[in-house]
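This is what each chain is made of:
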Amino acid sequence: MPLWFVRGLRRGVVTTRYPARPDSSSAFLPTPPAFRPRQLTRETADRIVAACPSLALSRQGDELVFDVGACTACGRCAAAAPHAVTSSSEFELASTTRSALVKKIPILGDLR
């Protein structure tokens, strides 16, 4: 049984001190991807769209559309194209509007 659970039962406190003090376990959380537009080509974009099990990625012309709200941070897109995808290290993703969670990333790799 985790120590924090026992301590919480004993003290009657069941929360962490977040956000005043970030929890150390947050460093190990999976986070959504970040994309490198200059490394993205149409072919690469199509490959990572096909790899996404949650359908959080789609391609519209020369843009990669990323729905952060649908992303499960599985890492399959990064495995499919490690040169174009990296971890964002961002896990605080709350938003007051759904549209704020949809990102359009330009595909610039084909312009070289």
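Above this text is the structure in question.
Worth saying up front: this structure is predicted, and the values here are computed from it rather than measured. (Residues numbered from 1 in each chain as written. Predicted model: local features only at pLDDT ≥ 70, side-chain atom pairs only at ≥ 80, totals over all residues. Heavy atoms only, no water.)

### Overview of the packing of aromatic side chains
Consideration 1: Inspection of the entire model under this criterion finds 1 aromatic pair.
Consideration 2: When the centroid spacing of 5.3 Å and the interplanar angle of 75° are considered together, the rings of phenylalanine 35 and phenylalanine 66 count as edge-to-face. Of this pair, phenylalanine 35 sits in strand 1 (residues 33–35) while phenylalanine 66 sits in strand 3 (residues 63–67), and the two are 31 residues apart along the sequence. As far as burial versus exposure is concerned, phenylalanine 35 and phenylalanine 66 are alike and both buried. (Phe/Tyr/Trp six-rings, centres within 6.5 Å; stacked < 30°, edge-to-face > 60°. Helix = DSSP H or I, 4+ residues; strand = E, 2+ residues; numbered from the N terminus. Buried < 20%, exposed > 50% of the residue type's maximum accessible area, 1.4 Å probe, protein only.)

### So, the state of the cysteines
Two cysteines form a disulfide when their sulfur atoms are joined by a covalent bond.
Consideration 1: Counted under the stated rule, the structure contains 0 disulfides.
Consideration 2: Summary of cysteine pairing: cysteine 74 is not part of a disulfide, and the nearest cysteine sulfur, belonging to cysteine 52, is at 6.1 Å.
Consideration 3: When its relative accessible area of 42% is taken as the criterion, cysteine 74 is described as partly exposed.
Consideration 4: With no disulfide of its own, cysteine 77 lies closest to cysteine 74 among cysteine sulfurs, the gap being 6.3 Å. (Disulfide = S-S within 2.5 Å.)

### Section: a positive patch on the surface
Consideration 1: On the surface, Arg7, Arg10, Arg11, Arg17 and Arg21 cluster together to form a positively charged patch.
Consideration 2: Tracing the chain through its elements places arginine 10 in helix 1 (residues 3–11).
Consideration 3: Among the residues examined, arginine 10 registers a relative accessible area of 69% and is labelled exposed. (Patch = residues over 30% accessible without salt bridge, like charges linked within 9 Å, V, L, I, M, F, W, Y side chains within 5 Å. Areas by Shrake-Rupley, 256 points an atom, 1.4 Å probe, with all protein chains shown as cover. Salt bridge = Lys/Arg side-chain N within 4 Å of Asp/Glu carboxyl O. Lys, Arg positive; Asp, Glu negative; His and termini not counted. Charge placed at Lys NZ, Arg CZ, Asp CG, Glu CD.)

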